[in-house]
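What follows is each chain in one-letter form.
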Amino acid sequence: MCLIKPPVKKNTIPIDLKLHSDIRAMERARFAHQVAEKGRLIKQYKMERERQQKLEEEEEIKRLRKELIPMAQLMPYFD
């Protein structure tokens, strides 16, 4: 009796699995990055606005101080 060897099979190559959780994690990371960027821009805008408002207030104070310097006024002439 002869033993026949079975044909040699090729090694199976695994396919890359794309899990929904992995895709969701990538989307969530991208979204979190966008939210952080938006928050940073809003914070930067607020700081710039506060700086601009502070400069305007300082200019207003300088202008008012210049206008409100007491100046000598002529005495009214009474007949």
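Residues numbered from 1 in each chain as written. Predicted model: local features only at pLDDT ≥ 70, side-chain atom pairs only at ≥ 80, totals over all residues. Heavy atoms only, no water.

### Re the environment of Tyr45
Inspection of the secondary structure assignment puts Tyr45 in helix α1 (residues 20-67). Looking at Tyr45, the relative accessible area reads 54%, which means it is exposed. Separated by 29 residues in the primary sequence, Tyr45 and Asp16 place their C-alpha atoms 44 Å from one another. (Helix = DSSP H or I, 4+ residues; strand = E, 2+ residues; numbered from the N terminus. Buried < 20%, exposed > 50% of the residue type's maximum accessible area, 1.4 Å probe, protein only.)

### Here we look at the pattern of salt bridges
If you walk through the whole model with that rule in mind, you get four salt bridges. With a closest N to O distance of 2.5 Å, Arg40 and Glu37 form a salt bridge. Of this pair, Arg40 and Glu37 both sit in helix α1, three residues apart, which is roughly one turn of that helix. Residue class for Arg40 comes out partly exposed when judged on its relative accessible area of 44%. Judged by its relative accessible area of 31%, Glu37 falls in the partly exposed class. The salt bridge partner of Arg51 is Glu48, with a shortest N-O separation of 2.6 Å. Of this pair, Arg51 and Glu48 are both found in helix α1, three residues apart, which corresponds to roughly one turn of the helix. (Salt bridge = Lys/Arg side-chain N within 4 Å of Asp/Glu carboxyl O.)

### Remarks on the environment of Arg51
Residue classification places Arg51 among the partly exposed positions, given a relative accessible area of 43%. It is 59 Å that separates the C-alpha atoms of Arg51 and Pro14, two residues lying 37 residues apart in sequence.

### Focus: a negative patch on the surface
Together, Glu56, Glu57, Glu58 and Glu59 line one region of the surface with negative charge. Take Glu57: it is sitting in helix α1. (Patch = residues over 30% accessible without salt bridge, like charges linked within 9 Å, V, L, I, M, F, W, Y side chains within 5 Å. Areas by Shrake-Rupley, 256 points an atom, 1.4 Å probe, with all protein chains shown as cover. Lys, Arg positive; Asp, Glu negative; His and termini not counted. Charge placed at Lys NZ, Arg CZ, Asp CG, Glu CD.)

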